[in-house]
Amino acid sequence: MLILFFSELRLYMHPVTESHLRVDTTRGEKLRINFDVTFPALQCSIISIDTMDISGERHLDVRHDIFKRRLDSHGNVIEAKQGGIGHTKIEKPLQKHGGRLEDNEKYCGSCFGAEETDDACCNSCEEVREAYRKKGWGLSDPESIDQCQREGYVQKVKDEEGEGCNVHGFVEVNKVAGNFHFVPGQSFHQSGFQFHDMIMFQQGNYNISHKVNRLAFGDFFPGVVNPLDGVQWNQDKQNGVYQYFIKVVPTIYTDVHGKTIQSNQFSVTEHFQNAEAGRMQSPPGVFFYYDLSPIKVIFEEQHVEFLHFLTNVCAIVGGIFTVSGIVDSFIYHGQRAIKKKMEIGKFN
């Protein structure tokens, strides 16, 4: 009895979580994707993050709120920085008009035909690459670009060969089906196709082994399980695309104090597509394809009401007395039957 009573008391003292399913009718919201992925054999300078969705919106080489950490062969951090590789100060660079920068001039570097306006300037290799990307052009020979040559851009990329990279941060995307991916090379879009301008550095031989340290669609809430956390995959073939197909389930969690957390849960399947005989349509990389479930899960923490607790206690007490009465009656009638048989045996 005491065990049952204290068990009911524990349920009364601690909140219970009720779950409900409803159709998700939200519109126009954003989906925040938090990630932390480590590539032990792919250097930071050539990894780019792209997002795109079924509405046609795409963001190539995303850098805002994304951080990269260079790793040595043992996984130790060498350098941490935001976005791509940095650039050094250029002494007497080439001006847009063709001459060298003089002391009394303001630097305005050429974009080499990719200027959006006549007065546009590209003062670093990254700015030239970005201008080329917006035009849908690939930067096939960085050494021919004054900014890249003076910054030692190609040499910096080559110096990082053999290193790994940890990429972490978040992206916010439309709440519709889409994908985000990690690929070697800066992406650009042209004639409905996506290309990459750094294939020359390794001639397409990329090791996309990776470990997903963390992947979450939204904020943490009690009880959430992210199935890809800690998942590791090692590439044993030369090239290919590793794909995760994710079903995202919108979730609302309300604690006992009324605080509401808008988040998501997800399930996932995996697939590796090997680059064989030109069958691979995507560049080598790690792709996360996600789709939204039309059903929303609602979790609500609730305390058991006192009347419900009292009813359960009364039911426990009543049940114990009922069972005790049955046992007592069975023992009493059993003893009487045995005693009667013994008395009959004496007279015989």
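Parameters at a glance
- Residues numbered from 1 in each chain as written.
- Predicted model: local features only at pLDDT ≥ 70, side-chain atom pairs only at ≥ 80, totals over all residues.
- Heavy atoms only, no water.
- Patch = residues over 30% accessible without salt bridge, like charges linked within 9 Å, V, L, I, M, F, W, Y side chains within 5 Å.
- Areas by Shrake-Rupley, 256 points an atom, 1.4 Å probe, with all protein chains shown as cover.
- Salt bridge = Lys/Arg side-chain N within 4 Å of Asp/Glu carboxyl O.
- Helix = DSSP H or I, 4+ residues; strand = E, 2+ residues; numbered from the N terminus.
- Buried < 20%, exposed > 50% of the residue type's maximum accessible area, 1.4 Å probe, protein only.
- Pairing = 2+ DSSP bridges.
- Disulfide = S-S within 2.5 Å.
- Polar contact = N/O pair within 3.5 Å; in protein donor to acceptor, adjacent residues only side chain to side chain.
- Phe/Tyr/Trp six-rings, centres within 6.5 Å; stacked < 30°, edge-to-face > 60°.

Draft legend 1. Local environment of a nonpolar patch on the surface. Taken together, the side chains of Val-323, Val-327, Phe-330 and Ile-331 make up a nonpolar region of the molecular surface, amounting to roughly 410 Å² of accessible area. Positionally, Val-327 belongs in helix H5 (residues 306-347). Taking relative accessible area as the criterion, Val-327 reaches 43% and is therefore assigned partly exposed.

Draft legend 2. The arrangement of the pattern of salt bridges in detail. Taken as a whole and judged by the stated rule, the model has six salt bridges. Asp-24 is paired through a salt bridge with Lys-175; the nearest N and O atoms lie 3.7 Å apart. Here Asp-24, found in the loop between strand S1 (16-23) and strand S2 (30-39), pairs with Lys-175, found in the loop between strand S7 (164-174) and strand S8 (178-184); they are 151 residues apart in sequence, far enough to count as distant. In this structure, Asp-24 and Lys-296 form a salt bridge, with 4.0 Å as the shortest nitrogen-oxygen distance. Taken together, the positions of Asp-24 in the loop between S1 and S2 and Lys-296 in strand S16 (residues 295-302) put the pair 272 residues apart, joining distant regions of the chain. Look at Lys-296 and you get buried, because its relative accessible area is 12%. Salt bridges sharing partners connect three or more residues here, namely Asp-24, Glu-29, Lys-175 and Lys-296.

Draft legend 3. Structural detail: the pairing of S7. Across the 11 residues that make up S7, a large majority, nine, are buried. Across 10 bridges, the pairing between S2 and S7 is antiparallel. Within the sheet, the bridge partner assigned to Leu-31 lies in S7 and is Val-173. For strand S5 (residues 66-71) and S7, the ladder comprises six bridges, and the chain directions are antiparallel. Counterpart to Leu-71 in the pairing with S7 is Gly-164.

Draft legend 4. Representation of the pairing of strand S14 (residues 260-274) in the model. Pairing of strand S13 (residues 240-254) with S14 involves 15 bridges; the strand directions are antiparallel. Note on S14: the bridge partner recorded for Pro-250 is Asn-264. Between the antiparallel neighbours S13 and S14 lie five residues, among them Gly-258 with a positive phi of about 90°.

Draft legend 5. Focus on the state of the cysteines. By the definition in use, this model includes four disulfides. Between the sulfur atoms of Cys-44 and its disulfide partner Cys-165 the distance amounts to 2.1 Å. Note on the Cys-44 and Cys-165 pair: the S-S dihedral is about 100°, so by sign convention the disulfide is right-handed. Taken together, the positions of Cys-44 in the loop between S2 and strand S3 (47-53) and Cys-165 in strand S7 put the pair 121 residues apart, joining distant regions of the chain. Exposure remark for Cys-44: the relative accessible area of 1% places this residue in the buried category. Put simply, Cys-125 and Cys-148 are joined by a disulfide, and their sulfur atoms are 1.9 Å apart.

Draft legend 6. Expanded view of the environment of Gln-265. Here Gln-265 shows up in strand S14. Along the sequence, Gln-265 and Pro-227 sit 38 residues apart, while their C-alpha atoms lie 9.3 Å from each other. Only 3.1 Å separates the side chain of Gln-265 from the side chain of Thr-251, close enough to count as a polar contact.

Draft legend 7. Inspection of the packing of aromatic side chains at higher detail. All told, the structure shown has 18 aromatic pairs when counted by the stated rule. Both rings, one in Tyr-244 and one in Phe-288, keep their centres 4.8 Å apart while their planes meet at 10°; by these two values the pair is stacked. In this pair, Tyr-244 sits in strand S13 while Phe-288 sits in strand S15 (residues 285-292), placing the two residues 44 residues apart along the sequence. With relative accessibility at 0%, the residue Tyr-244 sits in the buried group. For Phe-288, a relative accessible area of 1% corresponds to the buried category. An angle of 50° between the planes, with centres 6.5 Å apart, marks the rings of Tyr-253 and Phe-299 as tilted. Remark: Phe-299 occurs in strand S16 and Tyr-253 occurs in strand S13; sequence separation between them is 46 residues. With respect to burial, Tyr-253 and Phe-299 carry one shared label: buried. One aromatic cluster in this structure is built from Phe-35, Phe-39, Phe-180, Phe-182, Trp-233, Tyr-242, Tyr-244, Phe-272 and Phe-288.

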